[in-house]
Amino acid sequence: MGKSYDRIDDRLRAFIEAQPVFFTATAPLAADGTVNLSPKGLKGSLAVLDDRTVAYLDFAGSNAETVAHLRENGRITLMWCAWQGPPTVLRVHGTGEAVFRDDPRFPELFAHFPDIESGNHGLRAIVVVTARLIRDACGFAVPYMEYDSDRELHAKRFAREDDESLSAYFAKKDHIATSIDGLPGVPLPLPPVAP
């Protein structure tokens with residue numbers, strides 16, 4: 001049976017931080033809009049900021065649906081599954097905001113990710129999520145799986161880009177500046193990182 005929590009306590013925080021992958025779900029307001037579900041990984045790219053706030057790094061990719069949906073309506077759900085240990089699924093339902101690189105809050109937020117080198121992954125934004133509802137579920141049907149390591153491909157691919165070449169790469173993609181449903185996505189060219 002699922003249980004609701006009013007905050008991310010130490011036990012939930014430890015569970016969140018121990019998971020090597022999590023998922024984000026967002027959708028536009030339009031009834032015929034495209035629902036987006038994305039896997040996220042890379043050790044150290046997610047941080048629990050306080051008992052109701054989680055943040056993760058938004059890296060270069062082939063689209064920007066999550067960012068576009070957050071810019072339109074702010075709705076987001078994060079989900080973690082226990083692949084080892086007791087069967088657990090945890091969801092944080094809340095509101096999110098993409099904090100872009102030129103936002104004065106960016107440097108302070110990025111300090112929560114000390115193990116990530118910003119230039120290695122084409123960092124576009126930091127997504128900050130404020131929990132409205134925190135719920136767990138049994139996870140009895142989630143299989144056991146073993147974490148081996150993070151893939152190195154993303155860092156190798158985007159470490160060779162600077163802001164200018166990364167902006168040019170994004171400009172060639174159909175769904176970075178504008179989402180599949182025509183919503184504003186990541187501002188291009190990429191804004192410089194705030195001092």
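Anything mentioned here points back to the structure above.
Peer 1: Just to check I follow, could you spell out unusual backbone geometry for this structure?
Peer 2: Comment: phi is negative for the bulk of residues other than glycine, and the bulk of peptide bonds are trans. Cis peptide bonds are those with omega within 30 degrees of zero, and the linkage from Leu188 to Pro189 qualifies with -5 degrees. Structurally, Pro189 is set in the segment after α5 (163-172). A positive phi angle, near 80 degrees, is found at Leu42, a position not held by glycine. Looking at the secondary structure, you find Leu42 in the loop between β3 (36-40) and β4 (46-50). In this structure Leu42 comes out as partly exposed when scored by relative accessible area, which is 22%.

Peer 1: Where do I start with the pairing of strand β2 (residues 22-26) in this structure?
Peer 2: Side chains on a regular strand alternate between the two faces of the sheet. Along β2, the buried face is formed by Phe22, Thr24 and Thr26; none of Phe23 and Ala25, which line the opposite face, is buried. Relative to β3, β2 is paired through 5 bridges, and the arrangement is antiparallel. The partner of Ala25 across the bridge, within β3, is Leu37.

Peer 1: I'm lost on the packing of aromatic side chains in this one. Help?
Peer 2: Two descriptors summarise a pair of aromatic rings, namely the distance from one centre to the other and the angle between the planes of the rings. Throughout the structure, instances matching the rule amount to 6 aromatic pairs. Judged by centre distance (6.5 Å) and plane angle (35 degrees), the ring pair of Phe110 and Phe113 falls under tilted. In terms of burial, Phe110 and Phe113 fall into one category: buried. Positioned above the aromatic ring of Phe170, the side-chain terminus of Arg124 is 5.6 Å from the ring centre. Against the face of Phe158 rests Arg157, its NZ or CZ located 4.7 Å from the ring centre.

Reading guide: rules and limits
- Residues numbered from 1 in each chain as written.
- Predicted model: local features only at pLDDT ≥ 70, side-chain atom pairs only at ≥ 80, totals over all residues.
- Heavy atoms only, no water.
- Helix = DSSP H or I, 4+ residues; strand = E, 2+ residues; numbered from the N terminus.
- Buried < 20%, exposed > 50% of the residue type's maximum accessible area, 1.4 Å probe, protein only.
- Pairing = 2+ DSSP bridges.
- Phe/Tyr/Trp six-rings, centres within 6.5 Å; stacked < 30°, edge-to-face > 60°.
- Lys NZ or Arg CZ within 6 Å of the ring centre and 35° of its normal.

Everything listed here is a matter of coordinates, which is why it stays silent on function.
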